[in-house]
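In case you want the letters, here they are:
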Amino acid sequence: MAKDKDHKPEAKGKGEQKAPQKTAQPHAQAQPKKEPKAAPAPKADEPKIPAPPARLAVYYREKVVPELTQKFGYKSAMQVPRLRKITLNMGVGETTSDKKVLDNAVADMAKIAGQKPVVTKSRKSIANFKIRANFPIGCMVTLRGARMYEFLDRLVNIAIPRIRDFRGVSNRAFDGRGNYSLGIKEQIIFPEIEYDKIDAIRGMNIAITTTARTDEEARALLGAFRFPFKH
């Protein structure tokens, strides 16, 4: 009898443990059905009309291609040299002492190019310059397509005329393969940069890559875009 009494509370305890499991099943089955999600509303900010092509891109097709075809005697419009890309490169050596300088340089280049630049890093350590390998030392950005033509338009018609004591760009800065390099000492010649909000004056290198095979063809191509060469 004593053993039966001892086992009875254990049986009740087991029943009490199983009871919530049995009652939990009907609650899980009785969950309400989920309502179907409503379709997302169309965004009102999306432009209905596509952006117009760059002004210099239209000018190239309508004016530059016939002019160069007549000058060099090309048999096809695909032989006419064209712009491939424009690369902006800014070196910031002050990052060894202050890392915030690089952030300001990246912000300035993003405003000028309209595209987020890439941070460039050193390939090897140089003790004299206090530079370690893979240390950020500058930034660069590559422009193609419509942004390339828009940047060239702003560079030729707005930025370059704002250079102090400007007397034309060099007509000998070609590399022999139809590419042209231009150096700028001050980034404030671009209207996107506010003079009161910059921390320092920085220069940059601008490399214009074309499909021209010779420097003469590249010079004629840039001259057709009214590039201000020295006479």
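Structure first, text after, so check above.
This section reports on the structure supplied with the text. Remember, predicted model here, so these are calculated numbers, not experimental data. (Residues numbered from 1 in each chain as written. Predicted model: local features only at pLDDT ≥ 70, side-chain atom pairs only at ≥ 80, totals over all residues. Heavy atoms only, no water.)

**A short note on unusual backbone geometry**
- Phi is positive for D165, which is not a glycine, with a value near 55 degrees.
- With respect to the element layout, D165 can be found in the loop between α4 (145-159) and β4 (180-184).
- We classify D165 as exposed; its relative accessible area is 75%.
- Unlike most non-glycine residues, R226 shows phi in positive territory, near 65 degrees.
- Within the fold, R226 resides in the segment after α5 (215-224).
- Here R226 falls in the exposed class, since its relative accessible area comes to 63%. (Helix = DSSP H or I, 4+ residues; strand = E, 2+ residues; numbered from the N terminus. Buried < 20%, exposed > 50% of the residue type's maximum accessible area, 1.4 Å probe, protein only.)

**A short note on helix α2 (residues 55-72)**
- Taking 1.5 Å per residue, 18 residues should reach 26 Å; α2 reaches 24 Å between its end C-alpha atoms and fits that length.
- At R61, α2 shows its strongest bend, of approximately 40 degrees.
- All of the buried residues in α2 are L56, A57, Y60, V64, V65 and L68.
- Of the surrounding elements, those touching the buried residues of α2 are α4 and α5.
- Directly after α2, the chain includes G73, whose backbone phi takes a positive value near 70 degrees. (Expected span 1.5 Å × (residues − 1). Bend = angle between axes of the 7 residues up to and from the residue. Contact = heavy atoms within 4.5 Å.)

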